[in-house]
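Inside the fold
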Amino acid sequence: MRILFINPPMAVTEQIYTKRVAKQYTSSAYVLPHTSIAYLAAYMEKAGYEVRIIDAFALGLSMDETAEQVRRFDPFAVCYSLCTQNFLNSLAWIQGIRERTGIRTIVGGLQMSIYPREVLSYPDIDYGVIGDGWETMPELLQCLAGHGDLSTVRGICYRDEGEYRETPPRPEKFTLEDVPYMARHLLPNDRYTTVMTQEWPITIMLSALGCPLRCAYCDVPAGRYQTRLPEHVVDEIDECVNRFGIREILFQDETFTLNRNRVLETCELIRSRGLKFHWSIRARVDYVDQEILHAMKEAGLTKINFGIESGNPEILKKMNRDIPLDVVRQAVRWTKEEGLVTLGFFIIGFPEEAEEDLKETMRFALELDCDFIQVNKMVPQPPSPVYRELVERTGIDYWREYTLGNAAILADLPGIGSSFDPASLDIWQRRFFRKYYYRPSYIFKRLKKISSFKEMKGLARAALSIR
Ligand code: B12
Ligand code: SF4
């Protein structure tokens, strides 16, 4: 049986990002492999299916070109992984491909655990997988091929004579330790890039999934923290480096350094096996120390993305991440001392944040002087605690309305509950970026560090996008 996965072009709504940031995310500046699809593709291939992935985003394919490739492969089902934040964009592609090919559509992804009924209200989506897809997907396909009854497959939703049906949930049984590595042989590895990439080709990897910490704004599903064995992570790195020629790996673990022994072991294995590649991680400032920073640097780490979020202790407390500012200062200093590139993430417009608090965050960002910063507007997302409170308070489930087709409603979300209306938050965001990046001392420092023309082009594009 032939199974096809499509990754449609990425489009994030302008309502929650500013126009320029949305463009940056959706242009060729950030093109990364879809790991959920690549993992499932590997699993299905091992289960005996003939699998293909069309990464329409990375390949820059139009809907017509994609449909033509779908027709040629003639799969039993076309599959998509749905994310709440860009659902309507994916939907337009699902509808377009369905119209052009008529082939049945199966969807999965976190959006299906949040709004399954709403997603199934669109007739071009035939079947949804809720929660884990590993065992569910082959079971569903076997039923559709005539070997079983849909109502016996756990964790799916579908329509039966126009009526929405949802089967009992499937218990989570598998972790990333139980499944094959993602199917990079089905991906256009040479098409992935980010504005900060220095060594191509690049890829994404996951050494752990989820996060046990509980920041109030965070939409990472609670209770889903799983780690992989360092040995297996390094085996996968080996495959990336030696089979696919990968030269940079972006670890997408929410907080790579949570368990320092795992980190030290992973670094030791990378070194002892002589694996040479650049890598980056995401970490929290209160989960790094000099020893692991040094070990990671020795193993080829080049960059750390730190969630710093605010420079105001009261706002940090409200975010449920009561990290003393001195701990932030120390972590950034140690990281710089190791010669690692630092990227600081900040949130503006958190509930109850006032103009003075935001200015404090700007001052703190300037004081820390990370190599790069990313400033995001606070947009409550499901299923975060902040979003749940908002829905309770207003009686409006904004993302449900969006899922049902009302994209305009998201314009009300940025900065809600803070002193900033969405329009002024856009202005503050731009002001923050400009104040940071347009400092002569900063520009001078960056220019000195540029090592290639490609890197310079990437940085120039990033700089232009914040004008
Ligand atoms: C790696 C990653 C990325 C990568 C790759 C994208 C991807 N989804 O694979 C990159 C960096 C590109 C990325 C981008 C984005 N991401 Co992201 N990402 C992740 C991360 C860390 C891991 C995803 C992963 O591969 N998991 C491993 C796989 C095996 O597990 P899984 O995704 O849960 O899939 C299982 C089931 O959901 C199901 N399933 C999933 N898809 C499908 C499809 C079918 C057909 C079937 C049958 C089953 C099925 O089966 C899988 C196996 O059980 C998650 C956080 C997390 N902890 O899950 C966020 C996460 C998925 N991302 C998120 C977001 C918001 C984004 C962006 C919008 C961010 C942005 N501003 O650009 C974009 C959207 C990109 C897109 N096209 O969807 C959110 C989604 C929230 C939501 N409500 O949907 C998450 C949950 C993080 C968070 N903040 O909470 N992301
Ligand atoms: S924001 Fe980061 S550290 Fe906080 S709970 Fe989410 S993933 Fe964990």
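Conventions adopted
- Counting restarts for each chain: residues are numbered from 1 in the order of the written sequence.
- Whichever chain is written first becomes A and whichever ligand is written first becomes 1, with later ones labelled in order.
- Local features are withheld for residues below a pLDDT of 70 in this predicted model, meaning they are given only at 70 or higher, and side-chain atom pairs are given and counted only at 80 or more; totals for whole chains, interfaces and linings count all residues.
- For side-chain calculations, the full set of non-hydrogen atoms in the structure is used, while hydrogens and water are omitted.
- Only Phe, Tyr and Trp rings take part, Trp by its six-membered ring, and two of them pair if their centres are within 6.5 Å. Stacked means planes under 30 degrees apart, edge-to-face means over 60, and tilted covers everything else.
- Numbering of helices and strands starts at the N terminus; helices are DSSP runs of H or I of at least 4 residues and strands are runs of E of at least 2.
- Throughout this description, buried means an accessible area under 20% of the type-specific maximum (1.4 Å probe, protein chains only), exposed means over 50%, and partly exposed covers the range between.
- Lysine and arginine charges are scored as sitting over a ring when NZ or CZ, respectively, is within 6 Å of the ring centre and within 35 degrees of the ring normal.
- Computed over the protein atoms alone on a 1 Å grid, cavities are sets of points where a 1.4 Å probe fits but cannot get out and pockets are open sets with protein on both sides within 12 Å along at least five of seven lines; a residue lines them when it has an atom within 4 Å of a point.
- Grid points are joined across faces, edges and corners, and a volume is the space filled by probe spheres set on the points.
- Charged means Asp, Glu, Lys or Arg here, nonpolar means Ala, Val, Leu, Ile, Met, Phe, Trp, Tyr, Cys or Pro, and polar covers whatever is left, Gly included.
- Consider each residue's heavy atoms; a residue with any of them within 4 Å of a molecule or strand counts as near.
- It only takes one pair of heavy atoms within 4.5 Å for two residues to be counted as in contact.
- Take a side-chain nitrogen of Lys or Arg and a carboxyl oxygen of Asp or Glu: if they are within 4 Å of each other, that pair is a salt bridge.
- At least two DSSP bridges between two strands are required for those strands to pair.

**A look at the packing of aromatic side chains**
Applying the stated rule across the entire model yields 16 aromatic pairs. With 5.8 Å between their ring centres and 50° between their planes, Phe 87 and Tyr 122 make a pair best called tilted. A residue pair is termed long-range when its members are at least 10 positions apart, and Phe 87 in helix H5 (residues 87-101) and Tyr 122 in the loop between helix H7 (116-119) and strand E6 (127-129) qualify at 35 residues. Exposure class is identical for Phe 87 and Tyr 122. Each is buried. Note on Trp 399 and Tyr 402: the rings are 5.4 Å apart at their centroids and 75° apart in plane angle, and the pair reads as edge-to-face. Of this pair, Trp 399 and Tyr 402 both sit in helix H16 (residues 398-403), three residues apart, which is roughly one turn of the helix. By the burial criterion, Trp 399 is buried, and Tyr 402 matches it. Feature note: the residues Tyr 39, Tyr 43, Trp 134 and Phe 174 constitute an aromatic cluster, connected by ring pairs. Sitting over the ring of Phe 76, Arg 104 keeps its end group 4.0 Å from the ring centre. Positioned over the ring face of Trp 428 is Arg 431, at 4.4 Å from the centre of the ring.

**A word on empty space enclosed by the protein**
As enumerated under the stated definition, the model contains one cavity of 30 Å³ or more in all. Each pocket or cavity is described by its volume, and for the largest cavity that value is around 40 Å³. Every residue along the wall of the largest cavity is listed here: Ser 207, Val 233, Phe 256, Arg 262, Val 263 and Thr 266. No other element matches helix H10 (residues 260-272), which puts three residues into the lining of the largest cavity. In the lining of the largest cavity, the residues fall into three nonpolar, two polar and one charged.

**Comments concerning the site of ligand 2**
Around ligand 2, the surrounding shell consists of Cys 211, Leu 213, Arg 214, Cys 215, Tyr 217, Cys 218, Glu 254, Thr 255, Arg 284 and Arg 321. When its residues are assigned to classes, the shell around ligand 2 shows five nonpolar, one polar and four charged.

**A look at the environment of Phe 346**
In this structure, Phe 346 sits in strand E16 (residues 341-348). Between the alpha carbons of Phe 346 and Phe 306 there is a distance of 9.1 Å; along the sequence they are 40 residues apart. Leave out the neighbours within four places in its chain, and Phe 346 touches Ile 308, Glu 309, Ser 310, Thr 361, Ala 365, Leu 368, Ile 373, Gln 374, Val 375, Asn 376 and Phe 432.

**Description of the pattern of salt bridges**
When the charged atoms of two side chains with opposite charge come close together, those side chains can pair. The final tally for this structure, using the stated rule, is 34 salt bridges. The closest approach of N and O atoms between Arg 271 and Glu 298, which form a salt bridge, is 3.8 Å. Residue Arg 271 is found in helix H10, and its partner Glu 298 is found in helix H11 (residues 290-298); the two are separated by 27 residues along the sequence. The exposure class of Arg 271 is partly exposed, given its relative accessible area of 44%.

**Section: the pairing of strand E1 (residues 2-7)**
Two faces, one strand: in a regular strand the side chains alternate between the faces of the sheet. Taken across its six residues, E1 has five buried, putting it largely inside the fold. As judged from the six bridges shared by E1 and strand E3 (residues 50-55), these two strands associate in the parallel manner. Along E3, the bridge assignment pairs Ile 6 with Ile 54. Bridge count between E1 and strand E4 (residues 77-81): three bridges; the pairing is parallel. Its bridge partner being in E4, Leu 4 is matched across the sheet by Val 78.

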